[in-house]
Amino acid sequence: MKKYLLLALLPLLYACGDSSNRHRGINYDEVFAKDTQGLDILTGQFSHNIDRIWGVNELLVASRKDYVKYTDSFYTRSHVSFDEGNIVIETQKDLNRLHNAIVHTLLMGSDAKGIDLFASGDVPISSRPFLLGQVVDNNGQQIANQFIASNFATYLIQNKLQTRRLQNGNMVQFVAIPMIANHVEVRAQKYLPLIRKAAQRYGIDESLILGIMRTESSFNPYAISYANAIGLMQVVPHTAGRDVFEMKGRGGQPSTRYLYDPANNIDAGVAYLWLLQNRYLDGITNPTSKRFAMISAYNSGAGAVLRVFDNDKDEAIYKINQMYPEQVYRILTTAHPSSQARNYLLKVDQAQKKFRVRR
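In this text the structure is predicted, and so the values were computed from the model without any measurement. (Residues numbered from 1 in each chain as written. Predicted model: local features only at pLDDT ≥ 70, side-chain atom pairs only at ≥ 80, totals over all residues. Heavy atoms only, no water.)

How should the packing of helix α2 (residues 95–106) against helix α3 (residues 146–159) be read in this particular structure?
When two helices pack together, their arrangement is given by the angle between their axes and by how far apart the axes lie. Close contact between α2 and α3 brings their axes to 9 Å; oriented N to C, the two are set at 135°. Between α2 and α3, the interaxial angle falls into the category oblique. Handedness of the crossing formed by α2 with α3: right-handed. Contacts from Leu-95, Leu-98, His-99, Ile-102, Val-103 and Leu-106 of α2 reach α3 at Gln-146, Ala-149, Ser-150, Phe-152, Ala-153, Thr-154, Leu-156 and Ile-157. The class makeup of the residues in the contact of α2 with α3 is 10 nonpolar, 4 polar and no charged. (Axes fitted to C-alpha atoms, helices over the stretch in contact; angles between N-to-C directions. Helix = DSSP H or I, 4+ residues; strand = E, 2+ residues; numbered from the N terminus. Parallel < 35°, antiparallel > 145°, perpendicular 65-115°, else oblique. Left-handed = near helix turned anticlockwise from the far one by under 90°. Contact = heavy atoms within 4.5 Å. Nonpolar A, V, L, I, M, F, W, Y, C, P; charged D, E, K, R; others polar.)

What is the right way to look at the nonpolar core in this model?
Nonpolar side chains in soluble globular proteins tend to be buried together. By size, the foremost hydrophobic cluster in this structure holds 101 residues, and its most contacted members are Ile-102, Met-233 and Leu-276. Tallying contributions element by element places helix α8 (residues 262–280) first for this core, with 9 residues. No fewer than three residues from each of domain 1 (54–178) and domain 2 (184–355) sit in this core. (Core = buried A, V, L, I, M, F, W, Y, C linked by side-chain atoms within 4.5 Å. Buried < 20%, exposed > 50% of the residue type's maximum accessible area, 1.4 Å probe, protein only. Domains from an automatic or database assignment.)

Before we go on, may I ask you to explain helix α6 (residues 237–247) in this structure?
Working note: α-helix, 3.6 residues per turn, so residues spaced by three or four point in the same direction. Within α6 the residues assigned to the buried category are Pro-237, Thr-239, Ala-240, Gly-241, Asp-243, Val-244 and Phe-245. Looking at the buried side of α6, the elements it contacts are α7 (256–259) and α8. Gly-249 lies just past α6 and shows a positive phi near 80°.

Mind showing me how you'd approach the packing of aromatic side chains here?
Centre-to-centre distance and the angle between the planes together describe a pair of aromatic rings. Summed over the entire model, instances satisfying the criterion amount to 12 aromatic pairs. Relative to Tyr-70, the ring of Phe-46 has its centre 5.5 Å away and its plane inclined at 85°; by these criteria the two rings are edge-to-face. Taken as a pair, Phe-46 in helix α1 (residues 28–54) and Tyr-70 in strand β1 (residues 66–71) lie far apart in primary sequence, 24 residues in all. Tyr-70 carries the same exposure label as Phe-46, and that label is buried. Put simply, the rings of Phe-46, Tyr-70, Phe-74 and Phe-118 pair up and form one aromatic cluster. One cation-aromatic arrangement involves Lys-93 over Tyr-75; the distance from NZ or CZ to the ring centre is 4.8 Å. It is Arg-250 that lies over the ring of Phe-245; its NZ or CZ is 4.1 Å from the centre. (Phe/Tyr/Trp six-rings, centres within 6.5 Å; stacked < 30°, edge-to-face > 60°. Lys NZ or Arg CZ within 6 Å of the ring centre and 35° of its normal.)

It is not clear to me how the packing of α6 against α8 should be interpreted in this structure. Could you clarify?
The geometry of α6 relative to α8 is characterised by a closest axis approach of 9 Å and an angle of 75° between their N-to-C directions. Relative to α8, the element α6 lies roughly perpendicular. Of the residues in α8, those in contact with Ala-240, Asp-243, Val-244 and Met-247 of α6 are Ala-268, Ala-271, Tyr-272, Trp-274, Leu-275, Arg-279 and Tyr-280. Classifying every residue of the contact of α6 with α8 by side-chain character gives 9 nonpolar, no polar and 2 charged.

See the structure below:
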């Protein structure tokens, strides 16, 4: 099972555009330091519990593409890697606790509202399991209810149980459950009605929305990032979220609970793409060049994208308009000051192309 040190868990620091910085330079090292301090304050006790029970090299926490939930006073934990397509459930307690954790993980719902991933406790069993269609039992049967999940948990413990010893000497018993080959597509299908509704409302290509969601969260409704970017499209409440609320004539910023609702999250993420397309990057004439700029700006902010070309916004747009789209793409994937932003454009563009082919 993959282990994560705290500093190896860094998700999107600039997810869903930091538009508040679009008119000034950004000290990326300074931003990183502030976010690190913030996380230390918010999750210090949580991390302390993990270190104390599991050991200093065993920190495993929820992130953009990893669902992690602790139970039994942090002695049992479930980890769903939505990128790797693997589920690992392990305990330092007895096998009854492992059985319970398997059932609750396989039957967890898709509603992340009110679920505290940084506290110990079972997630409620749902009559509409989020993992339905993504995992099958030992008979190839979909796990749709508690009876099937319980039988599968018993089978796993009797036939697939593994053990390992932690560095602190404690023994761990665990099971690993592979997800089906096309688990990503199954999750994407769950959100297609909401994606199509938002695409029509804001005039944004469905494949672009899908590509961004695939890159941001791998369609994990529980996604949370280091910078408090939330949900499927990793909307940061105090930046993109605030801009979207302002666009809608609302004050303040969206709450965490609001953004953990898939419909709200997708609407907010696509609304922000509309802002990028029609306000922050307005003036870029070639639609392909604008798309590349929008993708990059979704990650790092429109201001950071334009400054790659010139410190003056109008001059930057003029320069972009003198280039072929391929030149814009090459510059944004090689000259952007953030390596994350450079890689982000590559990943989203590739994901978008795949969704275009599949549709």
